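Letter by letter, the chains look like this.
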Amino acid sequence: MIEYVVPGNIDDRILSRGVAALQRGGLLGVPSDTSWSVVCSLASKEGIKKLRRLSGERDERHFTLLCSDISQFGELCGMDNTRFRLIKRLSPGPYVFILNTLLGTEKTLGLRRKEVGVRIPDHNVPLALIRALTVPLYSITAKRTMVAAPDGEIRPSGNEEETELPPIPEEELFDGGWELEDIEGLDLILDTGDERPRIYSTILDMTGDEVRLLRRGAGLWPV
């Protein structure tokens, strides 16, 4: 089901329906400052299971925690002053920051890696959802590989052994929110009525002594 929203003035009733779906373990399709995303609530184990199953990805670096402000990062990841200053400089925006997780985050997400990607999107729709839900969203870029193949299986993609994440082919990304209706299992699509650019975020690995570019996307690097 699609609900059309105005980013600067989101109908409270639609926002409440989105939050209720997330709290029930549902999946939502939402716009961001890059492409379209599929999200669930970080507080919903069922939602996280559904998102992982839908994505077909085994490499956890494809998943991102969307937060509304940097203070939420500190509840999930370890972050010193140097990393804090760089993240603050680049947020909100099209940057994913890979940080070492805190123990509680590992348990919640069932991570095999002791790291997770976090970012603050520069788009009011996901930000409004996070604020109303009061917890971060677990997300992945919406891709055409999420559309079920004729045999009903989701096509897997990516190789978790690769050091760097390859760019997402532009043809794999969606333009309009209505296209996400082809993805089975979405409870709600929040559509602004505008096409999103078929671009992806820049991923910066901040788990080591030096910041390492893991994938080049919309965000400039170095800055």
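It should be noted that the structure appears before, not after, this text.
Residues numbered from 1 in each chain as written. Predicted model: local features only at pLDDT ≥ 70, side-chain atom pairs only at ≥ 80, totals over all residues. Heavy atoms only, no water.

Asks: Go over the packing of helix 1 (residues 12-23) against helix 6 (residues 124-133), please, and point to the residues and values.
Replies: Helix 6 packs onto helix 1 with a crossing angle of 65 degrees between their chain directions and a minimal axis gap of 10 Å. Here helix 1 runs over helix 6; the crossing is right-handed. Where helix 1 abuts helix 6, its residues L15, G18, V19, L22 and Q23 lie against A128, L129, A132 and L133. Grouping the amino acids of the contact of helix 1 with helix 6 by side-chain chemistry returns seven nonpolar, two polar and no charged. (Axes fitted to C-alpha atoms, helices over the stretch in contact; angles between N-to-C directions. Helix = DSSP H or I, 4+ residues; strand = E, 2+ residues; numbered from the N terminus. Left-handed = near helix turned anticlockwise from the far one by under 90°. Contact = heavy atoms within 4.5 Å. Nonpolar A, V, L, I, M, F, W, Y, C, P; charged D, E, K, R; others polar.)

Asks: Which residues make up the pattern of salt bridges, and what are the values?
Replies: Scanning all chains against the criterion turns up eight salt bridges. One salt bridge connects R144 with E179, and the closest N-O pair in it is separated by 3.0 Å. Placement of the pair is R144 in the loop between strand 7 (137-141) and strand 8 (188-191) and E179 in the loop between strand 7 and strand 8, with a sequence separation of 35 residues. (Salt bridge = Lys/Arg side-chain N within 4 Å of Asp/Glu carboxyl O.)

Asks: Tell me about the sheet that holds strand 2 (residues 28-31), and name the residues and values.
Replies: Pairing is mixed in the open sheet, where ten strands are placed in the order 1-8-2-3-7-4-6-5-9-10. Each edge of the sheet is formed by a strand with only one pairing partner; in this case those strands are strand 1 (2-4) and strand 10 (212-215). Along the sheet, successive strands turn relative to each other by an average axial angle of 35 degrees, direction set aside. The sheet contacts of helix 4 (residues 81-90) involve strand 5 (95-100) and strand 9 (202-205), and relative to strand 5 the element is tilted by about 160 degrees. (Pairing = 2+ DSSP bridges.)

Asks: Could you give an account of the layout of surface pockets, with specific residues and numbers?
Replies: Its boundaries defined by the atoms lining it, the largest pocket holds a volume of some 380 Å³. Looking at the largest pocket, it is lined by 29 residues, and the ones nearest its centre are H62, T141, K143, I168 and R215. Mapped onto the lining of the largest pocket, the elements with two or more residues apiece are strand 3 (36-41), strand 4 (64-66) and strand 7. The greatest single-element share of the lining of the largest pocket, amounting to three residues, is contributed by strand 7. Of the residues in the lining of the largest pocket, the class split is twelve nonpolar, eleven polar and six charged. (1 Å grid on protein atoms, 1.4 Å probe; cavity = no way out; pocket = protein on both sides within 12 Å on 5 of 7 lines; lining within 4 Å. Points joined across faces, edges and corners; volume = space filled by probe spheres on them.)

Asks: Hey, could you go over helix 2 (residues 45-55) for me, with residue numbers and the actual values?
Replies: For helix 2, the set of buried residues is G47, I48, L51, L54 and S55. Mapping the buried residues of helix 2 onto a view down its axis gives an arc of 130 degrees, with all of them on the same face. Those residues of helix 2 that are exposed and aimed more than 90 degrees away from the buried face are K45, K49 and R53. Tucked inside the fold, the buried residues of helix 2 contact strand 3, helix 5 (103-109) and strand 7. Two residues or fewer past helix 2, G56 is found with a positive phi of approximately 75 degrees. (Buried < 20%, exposed > 50% of the residue type's maximum accessible area, 1.4 Å probe, protein only. Arc of directions from axis to C-beta.)

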